[in-house]
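One letter stands for each residue in the lines below.
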Amino acid sequence: MEKLILIDGNSIIYRAFFAMPPLNNSSGLHTNAVYGFTNMLLRLIQDEKPSHIMVAFDAGKVTFRHEGYEDYKGGREKTPSELTEQFPLTRELLDSFGICWFEQPGYEADDIIGTVSKQAEEAGKEVLVVTGDKDMLQVVSDKVKVALTRKGISEVEPYGPQEIKERYGLIPEQIIDLKGLMGDASDNIPGVPGIGEKTALKLLHQFGSVEEVLARTDELKGKMKENLVQHAEDARLSKRLATIHREVPIDRSFDDMIFRGLKEEKAAPMLRKLEFKSLLERLAFGEGTEASEAADGSVELEEVDVTVVDDTTLTELVKQLPKIEVMYVESHGDNPHQAEVMGLILSTEEQHFFVSNEFLLSEAAKPIREWLADPQHPKAGYDLHRADLALYWQEISFAGAEHDIQLAAYLLDPTDNNQTISGLAAKYKLPSVPSDDEVYGKGAKFKIPDQETLSRHLARKGLAMLRLIPLQKEELKKNEMNRLFYELEMPLSRILADMEKQGIAVNREALAELGREFEAQIEKLETRIYELAGLEFNLNSPKQLGEVLFDKLELPVVKKTKTGYSTDAEVLDKLAPYHEIVQFILEYRQLAKLKSTYVEGLLKEIRPDTGKVHTYYRQTIAATGRLSSQFPNLQNIPIRLEEGRKIRQVFVPSEEGWHILAADYSQIELRVLAHISDDKGLQEAFLHDMDIHTKTAMDVFGVTQDQVDANMRRSAKAVNFGIVYGISDYGLSQNLHITRKEAAHFIEQYFEAFQGVRRYMDEIVQEAKRDGYVTTLLERRRYLPEINASNFNLRSFAERTAMNTPIQGTAADIIKLAMVMMDEVMRKHGLKSRMLLQVHDELVFEVPPEELETMNKLVPETMEKALKLSVPLKAEVSSGINWYEAK
DNA sequence: TTGCTCACG
DNA sequence: ACGTACGTGAGCAAG
């Protein structure tokens with residue numbers, strides 16, 4: 001069937017402008033909105049494959065709507081000139097793409113789209129309308145879908161009649177009634193005072209239309225009735241204003257809207273003028289790329305040769321083994337401890353060798369396994385950490401990792417969200433590598449392909465890796481990251497794998513018993529809650545819980561989420577005085593979390609063969625340089641509340657009579673801040689090893705140590721947290737439940753007392769604006785492209801990130817250094833103790849009794865000398881028969 | 001798959 | 001136009 005895409009040009013460009021960071025070409029032309037628009041357009045073309053496209057624009061300032069209502073769209077901010085200049089550019093771009101656009105004085109883009117969609121529907125075409133304006137939902141029908149933009153313009157959410165029904169409980173035509181009642185501040189449409197979306201929907205569900213509501217106000221009561229009677233005319237007017245006019249005179253035919261694909265000779269010069277290099281690349285209009293891509297996005301791939309290793313070709317490989325430059329183990333499954341190895345590729349400049357897992361495990365492949373296990377054979381490849389683990393569980397050793405492409409890519413840009421070989425190949429403009437999803441299918445569709453397809457895919461990866469390595473080496477050097485990469489992250493990668501293979505023992509019976517205790521309490525709470533509510537419902541459903549609390553029990557609504565009432569702990573705390581049910585719900589939540597996540601979740605992760613849990617530390621996820629932990633996450637085991645803290649009792653030594661030893665850094669982030677800000681007061685406090693929150697309270701409130709009460713210390717502690725996070729008065733006010741003004745006052749007092757910190761915060765933001773990135777003490781780098789955004793939120797977020805990342809990231813650098821040093825020192829002393837876990841500022845070991853004394857000294861000493869700062873680092877150690885007791 | 005909630009540093 | 005403290009992962013409900 002023919003498919004027509006109708007785009008509200010004004011709406012999309014407007015949104016793109018605010019969603020995208022500023023961008024201009026070398027002649028100073030602002031291009032961010034055009035860029036966002038073009039990106040979306042190309043994505044739509046690729047995904048929807050339309051036969052027809054038209055883009056509608058608003059023309060002129062005054063429309064027929066102003067005739068009935070002069071204030072229509074009154075009170076709007078003037079459009080910034082940076083945006084205005086991008087409208088003609090967009091039209092020019094559409095011309096160069098051969099895409100039809102249209103505007104009609106006196107009408108808005110809405111009306112044009114309404115008219116064309118109606119005509120198209122009548123002509124039997126399928127229509128997709130793309131806009132950011134919810135009003136448009138009124139034109140939805142079986143044939144016409146409306147895609148609303150979300151999160152700026154990066155995503156769209158398609159609405160058909162069904163989706164509108166689900167979201168609002170209305171038919172599309174009723175959208176105008178909704179608007180009539182609630183109005184629209186952005187268009188200065190008044191609506192009825194006191195009626196928002198919630199009430200409007202309730203009324204429409206009862207009466208069906210604005211007219212019907214107004215005719216039957218006698219069935220209503222109270223303030224709402226008064227408002228409806230008094231503002232009846234406003235409601236009628238608002239409904240008229242919101243109604244899309246579907247009979248606009250339009251001098252374009254469907255034939256004008258036919259889309260025939262991009263023509264390089266027309267589109268490319270325009271894209272070059274705008275300097276949209278990435279789009280030119282994507283469309284393969286430029287030259288120099290070895291793979292050619294057609295305008296519809298399909299890619300023609302280069303051929304690769306690959307030698308499948310079997311009994312006859314093995315000798316050929318064995319001869320080449322010393323010359324292998326890159327390797328890659330393909331495995332399937334998220335958890336590398338349970339991943340299924342699909343095959344191995346070993347590449348030289350001349351040749352790619354594919355080794356199936358079956359062959360790798362066979363007797364004949366012994367030389368390959370020996371090569372993998374030999375640390376004297378240095379290896380480069382992609383995600384060697386995962387390879388190590390996947391091979392380990394099928395009893396193949398791995399050693400000698402020297403350059404991990406994934407890890408290098410992470411250091412070069414930790415926030416790059418496509419650190420796959422395929423993504424990196426595209427980023428560096430190498431011959432393209434199809435994505436794994438394309439080759440294997442994703443989700444339920446995943447399938448291991450035939451050997452030829454698999455080996456060819458892996459050979460392409462091999463080729464890309466060969467090319468990537470020298471490029472990365474050069475960039476690492478340029479960024480002064482050689483030490484960080486070769487002396488910290490690469491060695492750490494092997495240490496993490498060792499810790500993960502070791503795992504930590506879990507007392508299954510004790511855990512199950514805890515689960516039974518939680519369950520008994522949960523059952524009691526459930527009974528009590530259902531009694532108080534007067535009905536049984538799914539307590540785990542925020543939606544149902546919201547209905548019980550706010551509709552049935554009519555508790556005051558404190559906060560809303562996108563989809564309904566918020567019922568989070570903060571809200572429940574506020575509701576506690578109103579109804580005793582609330583306290584029980586809070587307790588239920590706490591215990592339900594413990595049972596499902598920490599008892600049942602953990603039980604599932606215990607490996608039957610080892611009786612341990614083997615977490616997987618991901619070294620390439622966190623933007624700040626921290627590790628993350630999965631399957632299970634052992635970095636968020638409860639500690640703050642006693643009930644949850646008990647979970648730690650089940651983490652035990654794996655050998656009889658051994659001890660669990662835990663050591664954590666004291667105030668590492670504030671110590672790092674004292675160092676990098678060079679704030680004398682803060683440094684002084686740590687040199688004397690003072691209680692930092694008390695010291696902060698003294699300076700902020702201008703009192704002596706004796707005068708600091710618990711409340712002052714608590715506030716000071718919150719301020720210290722805030723400082724580390726990149727403080728905002730709003731954030732602090734939320735945390736301390738004080739007004740924004742009071743929070744701002746606190747912050748000002750803090751900065752008066754710690755002027756070095758103020759200077760640091762100012763300078764780091766300036767640095768980020770100048771360089772586009774911030775760094776840690778070890779030159780770990782994080783780019784902040786939104787630091788110069790005109791959008792306040794985006795910019796503010798980037799500014800707070802600029803303040804926080806060097807602090808959090810340097811702390812991460814330090815504990816990573818400590819881990820590498822600990823590993824080395826334990827080897828040197830020939831200790832049997834084992835490092836098991838890292839929890840951001842804490843290291844956990846299991847220690848035989850005869851080494852306890854040694855480790856009690858060695859661990860904190862090593863941690864404290866990991867990096868020399870202008871203030872001492874302090875680590876506190878403790879041990880016990882399980883993790884709980886090591887406190 | 002997305003959104004909510006909540007566990008940790 | 002839009003909503004916030006920084007950084008994560010997991011379980012559950014519901015689309």
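Residues numbered from 1 in each chain as written. Chains lettered and ligands numbered in written order. Predicted model: local features only at pLDDT ≥ 70, side-chain atom pairs only at ≥ 80, totals over all residues. Heavy atoms only, no water.

**Student:** Can you explain the overall build of chain A? Please cite residues and give values.
**Tutor:** What chain A contains, in helices and strands, is 37 helices and 25 strands. Taken over C-alpha atoms, the radius of gyration comes to 32 Å for chain A, in line with the 29 Å a tight globule of 887 residues would show. Here chain A holds 887 residues, and the buried ones make up 52% of them. Surface accessibility of chain A: about 41200 Å² in total, with carbon and sulfur atoms responsible for 49%. In chain A, which carries 108 positive and 144 negative side-chain charges, the distance between the mean positions of the two groups comes to 2 Å. (Helix = DSSP H or I, 4+ residues; strand = E, 2+ residues; numbered from the N terminus. Rg over C-alpha atoms; globule rule 2.2 N^0.38 Å. Buried < 20%, exposed > 50% of the residue type's maximum accessible area, 1.4 Å probe, protein only. Areas by Shrake-Rupley, 256 points an atom, 1.4 Å probe, with all protein chains shown as cover. Lys, Arg positive; Asp, Glu negative; His and termini not counted. Charge placed at Lys NZ, Arg CZ, Asp CG, Glu CD.)

**Student:** Go over the protein's contact with DNA strand B with me, naming the residues and quoting the values.
**Tutor:** Surveying the vicinity of DNA strand B reveals 22 residues, the closest of which are Thr567, Ala569, Lys593, Ile639 and Arg640. For DNA strand B, the fraction of protein-proximal atoms (within 4 Å) that sit in sugar or phosphate groups is 78%. Within the backbone of aspartate 568, an N or O atom sits 3.5 Å from a phosphate oxygen of DNA strand B. For DNA strand B, a base nitrogen lies 3.0 Å from a polar atom in the side chain of arginine 626. In terms of residue count, the dominant contributor to the surface near DNA strand B is helix 27 (residues 581-605) (three residues). Grouping the amino acids of the surface near DNA strand B by side-chain chemistry returns six nonpolar, eight polar and eight charged. (Near = heavy atom within 4 Å. Polar contact = N/O pair within 3.5 Å; in protein donor to acceptor, adjacent residues only side chain to side chain. Nonpolar A, V, L, I, M, F, W, Y, C, P; charged D, E, K, R; others polar.)

**Student:** Give a detailed account of the side chain of threonine 776, specifying residues and quantitative values.
**Tutor:** Following the sequence through the fold, threonine 776 ends up in the loop between strand 21 (773-775) and strand 22 (781-783). Overall, threonine 776 belongs to the buried group, its relative accessible area being 5%. The contact partners of threonine 776, leaving out residues within four places of it in the chain, are Thr805, Pro806, Gly809, Thr810 and Asp813. (Contact = heavy atoms within 4.5 Å.)

**Student:** Which residues make up the pattern of salt bridges, and what values go with them?
**Tutor:** Across all of its chains, the model carries 51 salt bridges by this definition. A salt bridge links glutamate 570 to lysine 574; the shortest N-O distance between them is 3.9 Å. With glutamate 570 and lysine 574 both in helix 26 (residues 569-575) and four residues apart, this pair spans about one turn of that helix. Residue classification places glutamate 570 among the partly exposed residues on the basis of a relative accessible area of 34%. Here arginine 626 ties to glutamate 669 by a salt bridge, and the two come within 3.7 Å at their closest N and O atoms. You can see arginine 626 sitting in the loop between strand 17 (616-618) and strand 18 (628-630) and its partner glutamate 669 sitting in helix 29 (residues 668-677), a full 43 residues away along the chain. (Salt bridge = Lys/Arg side-chain N within 4 Å of Asp/Glu carboxyl O.)

**Student:** I'd love a proper account of the nonpolar core, names of residues and values included.
**Tutor:** Formed by 132 residues in total, the largest nonpolar core has its most connected members in Ile647, Phe651, Tyr665, Leu673, Tyr750 and Phe845. Considering each element in turn, this core owes the most residues, 14 residues, to helix 36 (residues 792-828). Setting aside anything within four residues of it in sequence, one finds phenylalanine 651 in contact with Ile504, Ala505, Val506, Leu602, Val613, Leu634, Ile637, Ile660, Asn882 and Trp883. Counting 47 residues, the second largest nonpolar core, distinct from the first, contains Cys100, Ile195, Val213 and Leu220. (Core = buried A, V, L, I, M, F, W, Y, C linked by side-chain atoms within 4.5 Å.)

**Student:** A description of the domain arrangement of chain A should follow, citing residues and the corresponding values.
**Tutor:** Quite often, the size of an interface is put as the accessible area lost when its parts meet. Here chain A is partitioned into domain 1 (3-242), domain 2 (299-503), domain 3 (506-613) and domain 4 (669-810). Here the C-alpha centroids of domain 3 and domain 4 sit 35 Å apart. (Domains from an automatic or database assignment.)

**Student:** Can you tell me about the pairing of strand 10 (residues 326-332), naming the residues and giving the values?
**Tutor:** The element strand 10 is extensively covered by neighbouring structure, given that six of its seven residues are classed as buried. Summarising the sheet, strand 10 and strand 11 (residues 340-347) pair through seven bridges and their orientation is antiparallel. Pairing of histidine 332 across the sheet is with glutamate 340, part of strand 11. (Pairing = 2+ DSSP bridges.)

**Student:** Please set out the protein's contact with DNA strand C residue by residue, giving values where relevant.
**Tutor:** Ser541, Ser628, Gly722, Arg782 and Asn793 are the nearest of the 38 residues found near DNA strand C. The sugar and phosphate moieties of DNA strand C supply 62% of its atoms located within 4 Å of the protein. In the model, a sugar or linking oxygen of DNA strand C is placed 3.4 Å from a nitrogen or oxygen of the serine 596 side chain. Asparagine 633 places a side-chain nitrogen or oxygen 2.8 Å from a sugar or linking oxygen of DNA strand C. If you list the elements that add at least two residues to the surface near DNA strand C, you get helix 27, strand 18, helix 32 (710-725), helix 33 (729-736) and helix 36. Per-element accounting of the surface near DNA strand C gives the leading share, seven residues, to helix 36.

**Student:** Can you break down the packing of aromatic side chains residue by residue, with the values?
**Tutor:** Overall, the coordinates contain 14 aromatic pairs when judged by the stated rule. Taken together, Tyr750, Phe751 and Phe754 form an aromatic cluster joined through their ring pairs. Taking NZ or CZ as reference, lysine 379 lies 5.7 Å from the ring centre of phenylalanine 398, over its face. Sitting over the face of the ring of tryptophan 393, arginine 607 holds its NZ or CZ atom 3.7 Å from the ring centroid. (Phe/Tyr/Trp six-rings, centres within 6.5 Å; stacked < 30°, edge-to-face > 60°. Lys NZ or Arg CZ within 6 Å of the ring centre and 35° of its normal.)

**Student:** Kindly report on the UniProt feature "domain: DNA-directed DNA polymerase family A palm" (unreviewed entry) in chain A, identifying the contributing residues and their values.
**Tutor:** Following the UniProt record, the feature "domain: DNA-directed DNA polymerase family A palm" (unreviewed entry) maps to residues 644-851 here. Taken end to end, residues 644-851 comprises 59% helix and 12% strand; its first and last C-alpha atoms sit 30 Å apart. (UniProt positions renumbered as here; feature names shortened; annotations may be inferred.)

**Student:** Describe the sheet that holds strand 20 (residues 659-665), with residues and values.
**Tutor:** A sheet is described by the order of its strands in space; here four strands give the open sequence 23-24-20-25, paired in antiparallel fashion. At either margin of the open sheet sits one strand with a lone partner, and together these are strand 23 (834-838) and strand 25 (875-880). For this sheet, the mean inter-axis angle between neighbouring strands, taken without regard to orientation, is 25 degrees. The pairing of strand 20 with strand 25 spans six bridges and is antiparallel. Bridge pairing in strand 25 places aspartate 664 opposite glutamate 876. Those strands touched by helix 23 (residues 482-502) are strand 23 and strand 24 (842-847), and its axis lies near 95 degrees from that of strand 23. (Axes fitted to C-alpha atoms, helices over the stretch in contact; angles between N-to-C directions.)

**Student:** Provide a residue-level description of the sheet that holds strand 4 (residues 126-131), including the pertinent values.
**Tutor:** The strand order across the open sheet formed by six strands is 3-2-1-4-5-6, and the pairing between neighbours is mixed. Pairing within the sheet leaves two strands with one partner each, and these edge strands are strand 3 (100-103) and strand 6 (155-159). The sheet shows a mean angle of 25 degrees between the axes of neighbouring strands, direction not considered. Bridging between strand 2 (residues 52-57) and strand 3 involves four bridges; their strand directions are parallel. Residue pairing across strands places valine 55 opposite tryptophan 101, the latter belonging to strand 3. Where helix 6 (residues 109-122) meets the sheet, it contacts strand 1 (3-8), strand 2, strand 3, strand 4 and strand 5 (144-150), and its direction lies at approximately 170 degrees from that of strand 1.

**Student:** So what about helix 29? Which residues, and what values?
**Tutor:** Each α-helix turn comprises 3.6 residues. Residues three or four places apart therefore point the same way. Across the ten residues that make up helix 29, a large majority, eight, are buried. For helix 29, the complete set of buried residues consists of Ile668, Glu669, Leu670, Arg671, Val672, Leu673, Ala674 and Ser677. Looking at the residues trailing helix 29, positive phi occurs at aspartate 678, about 55 degrees.

**Student:** Tell me about unusual backbone geometry, and name the residues and values.
**Tutor:** Cis peptide bonds are those with omega within 30 degrees of zero, and the linkage from phenylalanine 631 to proline 632 qualifies with 0 degrees. Phi is positive for glutamate 275, close to 60 degrees, though the residue is something other than glycine. Positionally, glutamate 275 belongs in the loop between helix 13 (264-274) and helix 14 (277-282). Residue glutamate 554 is not a glycine yet carries a positive backbone phi of 55 degrees.

**Student:** Go over the packing of helix 5 (residues 86-97) against helix 13, please, and point to the residues and values.
**Tutor:** Two numbers describe how helix 5 lies on helix 13: the axes approach to 7 Å, and their chain directions differ by 150 degrees. In terms of orientation, helix 5 and helix 13 fall into the roughly antiparallel class. Note on element contacts: helix 13 touches helix 5 through Lys266, Ala267, Met270, Leu271, Lys273 and Leu274, opposite Leu89, Glu92, Leu93, Asp95, Ser96 and Phe97. When the residues that make up the contact of helix 5 with helix 13 are grouped by side-chain class, the tally is seven nonpolar, one polar and four charged. (Parallel < 35°, antiparallel > 145°, perpendicular 65-115°, else oblique.)

**Student:** Help me get a handle on helix 37 (residues 852-864), residues and values and all.
**Tutor:** For helix 37, with 13 residues, the first-to-last C-alpha span of 18 Å sits near the 18 Å given by 1.5 Å per residue. Within the span of helix 37, buried status applies to Leu852, Met855, Leu858, Val859, Pro860, Thr862 and Met863. Against the buried residues of helix 37 lie strand 20, helix 36, strand 24 and strand 25. (Expected span 1.5 Å × (residues − 1).)

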